[in-house]
Amino acid sequence: MPLPLAPFEPVLTRHAEAETCADPSSVMTLLADSDRTADRFTSYRSTFAKGAVGAPAHLHTKATELFFVISGSLQVLVGEEITVLGAGDFLAVPPHTPHAFAAAPGCEADVLFVFTPGMGRFDYLRLLGRVMRGEADPKEIAESAERFDNHYVDSPVWRAALEATA
């Protein structure tokens, strides 16, 4: 018999009060981290400029990552397949599945991300922004793989797709 889930208070994040993290090609709006949701989920919204690379190939060992495209188009690697998600499309990537994403060629994208179960990911997003702005060493990302359940993998398919649009 499963254990009952811990309760949590309703979470309301007003757009005007949400913390944002920015790098040269995207803005991440931090909505709800796991400390506010009894570790049930983490959620943020990213807006990608045209040509924004997003995330390299990686996987999560514990979390399912959910994508909902609010507007624009997002190019996504799932396993060894690349597809383009458009406005209104939803994708759920289960644990241990390599995936990557970028704004589709010539497009912007506005995407809602949810991770379940949640784990404190906002510090990871803040770190990414600092690295992209040259304020932190990229080694810190590799060193944080276990803490943030974000494990980079090699994907020749994804590399080829990015090179084709460069």
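Use the structure listed above.
What you see is a predicted model; the values in this text were computed from it and never measured.

S.K.: Is there a simple way to think about the packing of aromatic side chains in this case?
M.R.: Scanning the model with the defined rule gives 8 aromatic pairs in all. Aromatic side chains phenylalanine 8 and phenylalanine 41 sit 6.2 Å apart centroid to centroid with 70° between the ring planes, which places their arrangement in the edge-to-face category. With phenylalanine 8 in the segment before strand S1 (20-23) and phenylalanine 41 in the loop between strand S2 (26-32) and strand S3 (42-48), this residue pair connects regions lying 33 residues apart in the sequence. Since its relative accessible area comes to 32%, phenylalanine 8 is described here as partly exposed. A relative accessible area of 25% places phenylalanine 41 in the partly exposed class. Geometrically, the ring pair formed by tyrosine 44 and phenylalanine 113 is stacked, given 4.9 Å between the ring centres and 15° between the ring planes. Of this pair, tyrosine 44 sits in strand S3 while phenylalanine 113 is found in strand S9 (residues 109-116), placing the two residues 69 residues apart along the sequence.

S.K.: Sorry, what's going on with the side chain of serine 155 here?
M.R.: Counting through the fold element by element, serine 155 comes out in the loop between strand S10 (151-152) and helix H4 (156-165). Within the structure, the side chain of serine 155 is placed 3.1 Å from the backbone nitrogen of tryptophan 158, a separation counted as a polar contact.

S.K.: Whenever I open this one, the environment of valine 93 confuses me. Can you help?
M.R.: Along the chain, valine 93 turns up in strand S7 (residues 90-93). Distance in space between the C-alpha atoms of valine 93 and threonine 37 is 21 Å, their sequence separation being 56 residues. With sequence-adjacent residues up to four places away left out, valine 93 is seen in contact with Ala63, Thr64, Glu65, Phe67, Val78 and His99.

S.K.: Which parts of the structure should I look at to understand the nonpolar core?
M.R.: Counting residues in each nonpolar core, the largest one holds 29 residues, and the members touching the most others are Phe48, Phe67, Leu74, Phe101, Val111 and Phe113. When residues of this core are assigned to their parent elements, the largest contribution, 5 residues, is made by helix H1 (residues 122-132). Not counting chain neighbours up to four residues away, the residues in contact with phenylalanine 113 comprise Thr42, Ser43, Tyr44, Ser46, Phe48, Glu65, Leu66, Phe67 and Phe101. Judged by nonpolar contacts, the second largest core, of 5 residues, contains Ala57, Leu77, Ala102 and Trp158.

S.K.: Just to check I follow, could you spell out the pattern of salt bridges for this structure?
M.R.: Pairs can form between side chains of opposite charge whenever their charged atoms are close. Applying the stated criterion to the full structure yields 6 salt bridges. Among the ionic pairs, arginine 45 bridges to aspartate 110, the shortest N-O distance being 2.4 Å. A residue pair is termed long-range when its members are at least 10 positions apart, and arginine 45 in strand S3 and aspartate 110 in strand S9 qualify at 65 residues. Assessed through its relative accessible area of 31%, arginine 45 is described here as partly exposed. By relative accessible area, which is 8% here, aspartate 110 ends up buried.

Criteria and cut-off values
- Residues numbered from 1 in each chain as written.
- Predicted model: local features only at pLDDT ≥ 70, side-chain atom pairs only at ≥ 80, totals over all residues.
- Heavy atoms only, no water.
- Phe/Tyr/Trp six-rings, centres within 6.5 Å; stacked < 30°, edge-to-face > 60°.
- Helix = DSSP H or I, 4+ residues; strand = E, 2+ residues; numbered from the N terminus.
- Buried < 20%, exposed > 50% of the residue type's maximum accessible area, 1.4 Å probe, protein only.
- Polar contact = N/O pair within 3.5 Å; in protein donor to acceptor, adjacent residues only side chain to side chain.
- Contact = heavy atoms within 4.5 Å.
- Core = buried A, V, L, I, M, F, W, Y, C linked by side-chain atoms within 4.5 Å.
- Salt bridge = Lys/Arg side-chain N within 4 Å of Asp/Glu carboxyl O.

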